[in-house]
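# Structure at a glance
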Amino acid sequence: MGKDRPAAGGGGYVPVLGLSGEPGSQVAVPGRWGWAAGTVFDQPEPEELIELTVVVPARNEEDCLGECLRSLVSQSEAIFELGKDWELIVVDDYSTDRTLEIARGFAGVEVLQAGKLEPGWTGKANAIWTAACKARGRWLLFTDADTIHEPGNLRRAMHEAMRHKAGMLSYSPRQIVSGLAQRSLMPLVFCELALAYPPALVSDPNARIAAANGQFLLVEREAYRRIGGHPSVAKNVLEDVELAFLAKRRKLGLRFRYAEDAVSTRMYRSTAAMIEGWTKNLALLFDNSLALALWRGLDMLLLAGLPVLAVVLWNARFAPHSLQWMGAGWVLALLWVRTLVRFYARVAKSNFPFWDCVLTPLGLPLFVALLYRSWFQHRILKRVSWKGRDYAG
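## Describing the sheet that holds strand β8 (residues 147-149)
- The 3 strands lie next to each other as β8-β13-β10, forming an open sheet whose pairing is mixed. Either end of the sheet is taken by a strand with one partner, and the two such strands are β8 and β10 (174-175).
- With 2 bridges connecting them, β10 and strand β13 (residues 263-265) associate as parallel partners. Opposite R174, over in β13, you have S264 as the bridge partner.

Below is the structure:
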């Protein structure tokens, strides 16, 4: 069964990462725009490091945690043995369902209770930090409870990071969707992400753009120390993107790619959760979220309105100047075809299956509404909610 360990600061356990809230010599932590005082302390390292620490923060994840842990535990083998060469830590973030029970049901999995959530911290950052303070790995992998990892993925990821001299490696997983709302909306979001954060530019050390996906974020131990760990992004709702900016700013090496060969995820189990999640994220992912909503609204009008206008003009064949009206109808029809081709060329960048992309025009109204809703909550209300907690927008 899984073994519980005390949270940071409890039970006399000495943090080993060298970045913790324990008494020690306080040092500054790097912010996105410079250095600022933080809660980073010098602490002793363990006598012997292991290859990898995998951290899974979990809050009310009974629907998916079991499948995630099975995909991780199954990667233990003679040359990469769980408990000897690597460790797997689940941090229960005060779940009210069977999350804790499920985590304890896996042999070799260590279970922690998240530390007390202090003001200025998000729940996820706090949960990850609880485990990071105790991590013994040369590499740290932060991965979500809704991910499924392909066999051999963990070792391959470490080798990939070392091969590319990347202190931080992040994968964008293959997205698993179901239902009309998800199948029509998710490709729209991910095509915009692919355009806003091109992996080639994100991975280019000379480009200023940075991004990471918290569903799979692998970071070398010293790199994590140098960016200040999660205390440096404690208040950020999109802590993964902020960590990526810090890694690039510190020139630690950042690699980001779409990785259907390595990991998959079902981000949302319901439409309500999807709406809440994208409301939390969209305005942070896209600085121009309101303008983007207007452009996609224009797409919606053109895709729906141009065929109607063309038909109206074609039906004017008995009116005066009917040939001119029919000609105008064909011009509108050609404009509609051009708009359709441009729209689907954009959506194809999402890496979603063909039929999901075909459905995306149906998701435009919801996408526009979510972009506006996210902008309104972040810019006007300055407050967003996620998993029963409120955060400053």
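Here the narrative resumes, following the displayed structure.
## Some words on the layout of surface pockets
- By volume, the second largest pocket amounts to about 650 Å³.
- Contributing to the lining of the second largest pocket are 32 residues, with L238, A283, L284, L285 and D287 lying nearest its centre.
- Contributions of two or more residues to the lining of the second largest pocket are made by α5 (179-196), α8 (239-249), α9 (271-285), α10 (289-314), α13 (360-381) and β15 (389-392).
- Grouping the constituent residues of the lining of the second largest pocket by class yields 17 nonpolar, 6 polar and 9 charged.

## Observations concerning a nonpolar patch on the surface
- A contiguous nonpolar surface patch, about 360 Å² in accessible area, is contributed by F354, W355 and V358.
- Residue position: V358 is located in helix α12 (residues 354-358).
- Judged by its relative accessible area of 31%, V358 is partly exposed.

## Considerations on the environment of I176
- Mapping I176 onto the fold places it in the loop between β10 and α5.
- On the basis of relative accessibility, which here comes to 28%, the residue I176 falls in the partly exposed class.
- For the pair I176 and R266, spaced 90 residues apart in the sequence, the C-alpha separation amounts to 4.7 Å.
- What I176 contacts, discounting residues up to four positions off in sequence, is I148, Q182, S264, T265 and R266.

## Notes on the pairing of strand β7 (residues 137-143)
- β7 sits mainly inside the fold: 6 of its 7 residues count as buried.
- Strand direction decides the pairing type here: strand β4 (residues 50-58) and β7, joined by 5 bridges, are parallel. Across the sheet, residue T53 finds its bridge partner in β7, namely L140.
- Both β7 and strand β11 (residues 216-220) contribute to a ladder of 5 bridges, which runs antiparallel.

## Description of the pairing of β4
- In terms of residue burial, β4 counts as a mostly covered element, since 8 of its 9 residues are buried.
- One ladder, built from 7 bridges, connects β4 with strand β5 (residues 86-92); its direction is parallel. Bridge assignment links P57 to a residue of β5, and that residue is V91.
- In this region the chain leaves β4, passes through helix α1 (residues 65-73) and returns to the parallel neighbour β5; the handedness of that crossover is right-handed.

Scoring rules and cut-offs
Residues numbered from 1 in each chain as written. Predicted model: local features only at pLDDT ≥ 70, side-chain atom pairs only at ≥ 80, totals over all residues. Heavy atoms only, no water. Pairing = 2+ DSSP bridges. Helix = DSSP H or I, 4+ residues; strand = E, 2+ residues; numbered from the N terminus. 1 Å grid on protein atoms, 1.4 Å probe; cavity = no way out; pocket = protein on both sides within 12 Å on 5 of 7 lines; lining within 4 Å. Points joined across faces, edges and corners; volume = space filled by probe spheres on them. Nonpolar A, V, L, I, M, F, W, Y, C, P; charged D, E, K, R; others polar. Patch = residues over 30% accessible without salt bridge, like charges linked within 9 Å, V, L, I, M, F, W, Y side chains within 5 Å. Areas by Shrake-Rupley, 256 points an atom, 1.4 Å probe, with all protein chains shown as cover. Salt bridge = Lys/Arg side-chain N within 4 Å of Asp/Glu carboxyl O. Buried < 20%, exposed > 50% of the residue type's maximum accessible area, 1.4 Å probe, protein only. Contact = heavy atoms within 4.5 Å. Right-handed = clockwise from strand over helix to strand, strands pointing away.

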